[in-house]
4 protein chains.
Amino acid sequence: MDYQQILDTIHDEMSYRDVKGKVASYIPELAKIDRKKFGMHVYCGDKQHFCFGDSKENFSIQSISKVFTLAMAMRLMGEDLWDRVDVEPSGDPFNSLTQLEYESGIPRNPFINAGALVISDILVDQLDDPKKELLEFVRHITGDPDIDYDKTVAASEKATGYRNIALVNYIKALGNIKCDVEPIVDFYFHQCSLAMSCEDLSKAFMIFANRGRLLDTDEKILKPKTVKRINALMQTCGFYDEAGEFSFQVGLPGKSGVGGGIVAIHPKNYSVAVWSPILNEKGNSELGMKALERFTTLTGVSVF
Amino acid sequence: MDYQQILDTIHDEMSYRDVKGKVASYIPELAKIDRKKFGMHVYCGDKQHFCFGDSKENFSIQSISKVFTLAMAMRLMGEDLWDRVDVEPSGDPFNSLTQLEYESGIPRNPFINAGALVISDILVDQLDDPKKELLEFVRHITGDPDIDYDKTVAASEKATGYRNIALVNYIKALGNIKCDVEPIVDFYFHQCSLAMSCEDLSKAFMIFANRGRLLDTDEKILKPKTVKRINALMQTCGFYDEAGEFSFQVGLPGKSGVGGGIVAIHPKNYSVAVWSPILNEKGNSELGMKALERFTTLTGVSVF
Amino acid sequence: MDYQQILDTIHDEMSYRDVKGKVASYIPELAKIDRKKFGMHVYCGDKQHFCFGDSKENFSIQSISKVFTLAMAMRLMGEDLWDRVDVEPSGDPFNSLTQLEYESGIPRNPFINAGALVISDILVDQLDDPKKELLEFVRHITGDPDIDYDKTVAASEKATGYRNIALVNYIKALGNIKCDVEPIVDFYFHQCSLAMSCEDLSKAFMIFANRGRLLDTDEKILKPKTVKRINALMQTCGFYDEAGEFSFQVGLPGKSGVGGGIVAIHPKNYSVAVWSPILNEKGNSELGMKALERFTTLTGVSVF
Amino acid sequence: MDYQQILDTIHDEMSYRDVKGKVASYIPELAKIDRKKFGMHVYCGDKQHFCFGDSKENFSIQSISKVFTLAMAMRLMGEDLWDRVDVEPSGDPFNSLTQLEYESGIPRNPFINAGALVISDILVDQLDDPKKELLEFVRHITGDPDIDYDKTVAASEKATGYRNIALVNYIKALGNIKCDVEPIVDFYFHQCSLAMSCEDLSKAFMIFANRGRLLDTDEKILKPKTVKRINALMQTCGFYDEAGEFSFQVGLPGKSGVGGGIVAIHPKNYSVAVWSPILNEKGNSELGMKALERFTTLTGVSVF
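Residues numbered from 1 in each chain as written. Chains lettered and ligands numbered in written order. Predicted model: local features only at pLDDT ≥ 70, side-chain atom pairs only at ≥ 80, totals over all residues. Heavy atoms only, no water.

Draft legend 1. Representation of the UniProt feature "binding site: substrate" (unreviewed entry) in chain A. Residues and elements named next belong to chain A. UniProt's feature table lists "binding site: substrate" (unreviewed entry) at Ser63, Asn113, Glu157, Asn164, Tyr188, Tyr240 and Val258, given in the numbering used throughout. Looking at the element boundaries, serine 63 is found in the loop between strand S4 (59-60) and helix H3 (65-77). Note on serine 63: relative accessible area 7%, which makes it buried. Setting aside its immediate chain neighbours within four residues, serine 63 contacts Tyr240, Lys255, Ser256 and Gly257. Within the fold, valine 258 resides in the loop between strand S7 (254-256) and strand S8 (261-266). Take valine 258: its relative accessible area is 13%, and that puts it in the buried class. The residues touching valine 258, leaving out its near neighbours within four places in the chain, are Ala24, Tyr26, Leu30, Gln62, Tyr240, Leu279 and Gly283. (UniProt positions renumbered as here; feature names shortened; annotations may be inferred. Helix = DSSP H or I, 4+ residues; strand = E, 2+ residues; numbered from the N terminus. Buried < 20%, exposed > 50% of the residue type's maximum accessible area, 1.4 Å probe, protein only. Contact = heavy atoms within 4.5 Å.)

Structure follows, in structure tokens:
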């Protein structure tokens, strides 16, 4: 069975009607999304790619952007980054303040909000124009010069993002934020608003399946060790409070976002992105999880 | 033994040399205070008053101001206020965020920072010019038109007050803050910067020892029930993590501030204020606690 | 209005029909109690006493017993006791394990279960036959030789008291329990099972209203300083998660139990006990709280 | 480079002198171990095996035993097991009670102590003689009939295991323990005392690298889905507070114990066990971690 057949099978078998969750509603812009949307895209090591459904439609990638900013911060700081943020699973819902209180402002990992905000601080501190450079980075690794922030989403998040603003101020009080609060959260809300398609995401994440190199040009974007670190982090911390379940069901390193996107990679083999905006109670795409589980079952490839 | 003799005895017996704590240093302005400062003032129900030392010198009243703003908020909202803030001891250090996470943004009491910031929100929401009205309130109950904010202290707190800004944003995310964050913390940092003397404070707190009425004019400032509520709160929650110890040692309702001031009242009898900027490890004036313990012992009056 | 008139007024005004809570059900023996029970007893400094309703009927005093064991432990250890248990309000529900984890096994105060179990450890360690000596102590201060443990209640608590057994083991792991677990919990479950009436309790607690002396013989049972300490603790920590509310509503030091009893004292004046087994959601007698509030209002005596 | 060469390289390069941690001391029996001990054993899918050092010497496998009891419990209950214990990383030190308090007695995963004790409860509930059956299971999958409990270690753990006894009682209070406390902890302390060598462990864990079948006889011990679940759990939760770091450094599913043993598997390829009793501050074997990192680097096989 080839990849396209497998994708067609998944598309036939599954529908938004089978899942009961809700679309994210914490900002008005996300709540407007049509719950019927469903798309998937696979990008292979041999440059072939396969897709179905709404795979070319842009959506808000939200927390998936944390993988891009982590990659940029590791290019700047290497392993020194781990003085500012830890690499262990969180064990608490993704927005908890409690752990910081007992761990001196060092977030548990770069994928919980606290950790991603420390990463934002690093980029704001070290880059001249972090918003521009993030765009350039993402456009470069996808080869798509049209990728952009969704200004409406960014503004909407900023208007209601009190918890994230609280986090930055709190970590600053604990000594682990250098810059002013305003540019950090401005950058953070912009990165979350990045609008990309499954096709874009699967192509972008090929650098993590291809030891840090662009597939087309073999250009080295990240060191192999950086890729190994990021993949290990996606394996253990990529799915909020559901990392263990995803590790079992899908068995691949990956990252989800509340916009309903999930990307996962199989080192050396492929990168796969799926999108359905209906979320389960842990905040991950319900249909997306099922589709990826089915995908690894049908391809017969599993880490474990 | 009359009150002046008792105060003289305390002044003779005690000295800043006997205590080993440190002056508050979290903002530069407070760290500059001379640790030798020591003053005390008693104001009696029969309008007599007694004092020693630096009792007429202004200092930063800090958290003592929370009693004034609570009184103002209760005049506006009465017992409805308790939908927004609870009346129970905290059990955690005064700046903890943890409890809010499990209690839906309702602070444990109006004297922990979280509670005082909700009170600020109420005053900013309901008053045209809260900073002006607070000044007028304090000037009115002391009869001293010169009481003012210390702008340098207020600015200093604002520049480093990330934890309090975090608190307001966090409580706003949990739905218990109505106004914008900026005017709330601006008001809060101003109230903490109020510069008053022991003489001022003991006169101001006479309304809590005199069933809500000004001693001079018998003007009714607060309802007796409001006074009873505030006094009960000062008894159980007035001393950060040391409320139980103060209740035993001194046995009076009172309130402390990190500027080194403490005020306590004996209903119907007197109001007493003491100031020494050296703090014990719980953040209360070390010499002030001792002086008040000695005072209640020598006067032979104790609640228990 | 004399005390008997006041009690009659309360008895007329109030009824179990006015309250909606439930009788404690965590052990079968307590769940069997008739919810109509309602009694009150006042014992005065001039040896007069007054009562109504079921004031002579025995009930399970439960946590009220913690005041007796604390008194016994303070007679043995004096202020050294505070190396083993703190004197501050808890801020958490009465059975929390969390705080111990961050505070090295030192319970917040002797009235939360963790603290009472450390007190049990001390008595089991220092007394030859702690159960017998507790009975003798209580019989002596009440003058009632018939007071006894309710073996059925004690057995029932032991059969289901996993949380308390967990607490003792946990504190032992943290180094703050000396004896074996079994005799400690056996003693603890027995002390909670003490069966006493409002009349007994009000007489027993007169030692806290009478500076540590028996009213009848003037025999000194406790030092005045010990009494002051215990009264301060009852004021700030006597009512689980409702200490602040009780301090405001009633304004007296007191202690409640899940059997529906409450005792409170007015130093030098009186001791008052009330019983109604219907509990509010904080675990205190709903009718008992109201009766005591009414009593302090009608007598016109309030701390604040 | 073949496996024996790789092991020899590791043996040459590394020594107990390079690491500064301490041998476990919480029970006297473990503290007696010679810190020079160092052994490693690899068992391959083609039945070849390789070793160095003290690979045939028995040591206390401690928490590694949790993988065996989990396998037994999954054979009895299948996926229904997850009603009793979750599959997510803990984020807290391995002995925390806090999380249970907010999650209704459902431990975060079967490898933290709370989870392993719930597994013990299941085995004690469903098996006639759980200690005997565990021995038989381990002897069967290793083919070594001499494997046994170390009674001295078991007794030593029981004498000081107050925290684990507290956990069982606490979970029982929360409703997630069925049996009596005594047989559960007796079984638990015995399983931790199992004495096995690196050779034994690497052979036993081949069932997880061989889709649930014994290598010698092809006998089916576990369902492939059970193996996948256990491997995923070892990947995300096998190393206390250091699961993320191990996932990055070694990139294999594995489990460690405070006796200084670590086992890891590479599905379809091999199972590897290493032992050095010197622990890092997270409680994992310091030299063992390094040896495994080096092993996966030299073999060139890594999940990510």
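Now that the structure has been shown, we can carry on.
Draft legend 2. Fine view of the side chain of serine 120 of chain B. Here serine 120 of chain B shows up in helix H5 (residues 113-126). If near-sequence neighbours (up to four positions away) are discounted, serine 120 of chain B is found in contact with Ile184, Phe187, Tyr188 and Gln191 of chain B.

Draft legend 3. The interface of chain B and chain A, seen in detail. With 13 residues of chain B in contact, the opposing surface of chain A contributes 13 residues. Across the interface of chain B and chain A, roughly 1400 Å² is buried in total on both sides, 61% from carbon and sulfur atoms. Looking at the side of chain B facing chain A, the largest losses of area belong to Tyr162, Arg163 and Asn169 of chain B, adding up to 34% of the total buried there. Inspection of the chain B/chain A interface yields zero residue pairs in polar contact (both at pLDDT 80 or more). Elements represented by at least two residues in the side of chain B that touches chain A include exactly helix H4 (98-102) and helix H8 (162-173) of chain B. (Buried area = accessible area lost by both parts, 1.4 Å probe. Polar contact = N/O pair within 3.5 Å; in protein donor to acceptor, adjacent residues only side chain to side chain.)

Draft legend 4. Region of interest: the relation of the copies chain A and chain D. Mapping chain A onto chain D leaves a residual RMSD of 0.0 Å; the transformation is a rotation of 180 degrees accompanied by 0.1 Å of translation along its axis. Here the two chains are linked by the operation of a two-fold rotation axis. Interface overlap between copies is the fraction of interface residues in one copy that are interface residues in the other; for chain A against chain D it reaches 100%, indicating a shared surface. (Least-squares fit on C-alpha atoms with pLDDT ≥ 70 in both.)

Draft legend 5. Representation of the pattern of salt bridges in the model. All told, the structure shown has 60 salt bridges over all chains when counted by the stated rule. Where arginine 84 of chain A meets aspartate 121 of chain A, a salt bridge forms, and the shortest distance between an N and an O atom there is 2.8 Å. Of the two residues, arginine 84 of chain A sits in the loop between H3 and helix H4 (98-102) while aspartate 121 of chain A sits in helix H5 (residues 113-126), which places them 37 residues apart along the sequence. In this structure arginine 84 of chain A comes out as buried when scored by relative accessible area, which is 12%. Under the relative-accessibility criterion, aspartate 121 of chain A is labelled buried at 0%. Between arginine 229 of chain C and glutamate 245 of chain B there is a salt bridge, with the nearest N and O atoms lying 3.3 Å from each other. With arginine 229 of chain C in helix H12 (residues 224-237) and glutamate 245 of chain B in helix H13 (residues 243-249), this pair bridges two chains. This pair shows no difference in class: arginine 229 of chain C is buried, exactly as glutamate 245 of chain B is. Each of the salt bridges in this network shares a partner with another, and the network as a whole consists of Lys131, Lys158, Glu182 and Asp186 of chain A. (Salt bridge = Lys/Arg side-chain N within 4 Å of Asp/Glu carboxyl O.)

Draft legend 6. Quick peek at the environment of aspartate 8 of chain C. Residues and elements named next belong to chain C. By the secondary structure assignment, aspartate 8 is in helix H1 (residues 3-13). Accessibility expressed as a relative area gives 35% for aspartate 8, which makes it partly exposed. Put simply, aspartate 8 and valine 67 are 59 residues apart on the chain and 29 Å apart in space, counted from C-alpha to C-alpha.

Draft legend 7. The packing of aromatic side chains, seen in detail. On inspection of all chains with the given rule, the structure shows 40 aromatic pairs over all chains. Centre to centre, the rings of phenylalanine 239 of chain C and phenylalanine 246 of chain C are 3.6 Å apart; their planes meet at 20 degrees, and the pair counts as stacked. Assigned by exposure class, phenylalanine 239 of chain C and phenylalanine 246 of chain C land together as buried. With centroids separated by 5.2 Å and ring planes inclined at 90 degrees, the aromatic side chains of tyrosine 270 of chain C and phenylalanine 295 of chain C adopt a geometry described as edge-to-face. Of this pair, tyrosine 270 of chain C sits in strand S9 (residues 270-275) while phenylalanine 295 of chain C sits in helix H14 (residues 286-299), and the two are 25 residues apart along the sequence. No difference in accessibility class separates tyrosine 270 of chain C from phenylalanine 295 of chain C, as the two residues are buried. Between the NZ or CZ atom of lysine 228 of chain B and the centre of the ring of phenylalanine 248 of chain C, over which it lies, the distance is 5.5 Å. Over the ring of phenylalanine 111 of chain B we find lysine 255 of chain B; its NZ or CZ atom is 5.7 Å from the centre of that ring. (Phe/Tyr/Trp six-rings, centres within 6.5 Å; stacked < 30°, edge-to-face > 60°. Lys NZ or Arg CZ within 6 Å of the ring centre and 35° of its normal.)

Draft legend 8. Layout of the sheet that holds strand S2 (residues 39-44) of chain C. Residue and element names in this part refer to chain C. The strand order across the open sheet formed by five strands is S3-S2-S9-S8-S7, and the pairing between neighbours is antiparallel. Taken across any chain shown, the strands that pair with only one partner, and hence form the sheet edges, are strand S3 (49-53) and strand S7 (254-256). Put simply, the sheet's adjacent strands are angled 5 degrees from each other on average, direction ignored. The pairing of strand S8 (residues 261-266) with S9 spans six bridges and is classified as antiparallel. Residue pairing in the sheet places alanine 264 in a bridge with valine 272 of S9. Sitting on the sheet, H1 is in contact with S2, S3 and S9, with an inclination near 15 degrees to S3. (Pairing = 2+ DSSP bridges. Axes fitted to C-alpha atoms, helices over the stretch in contact; angles between N-to-C directions.)

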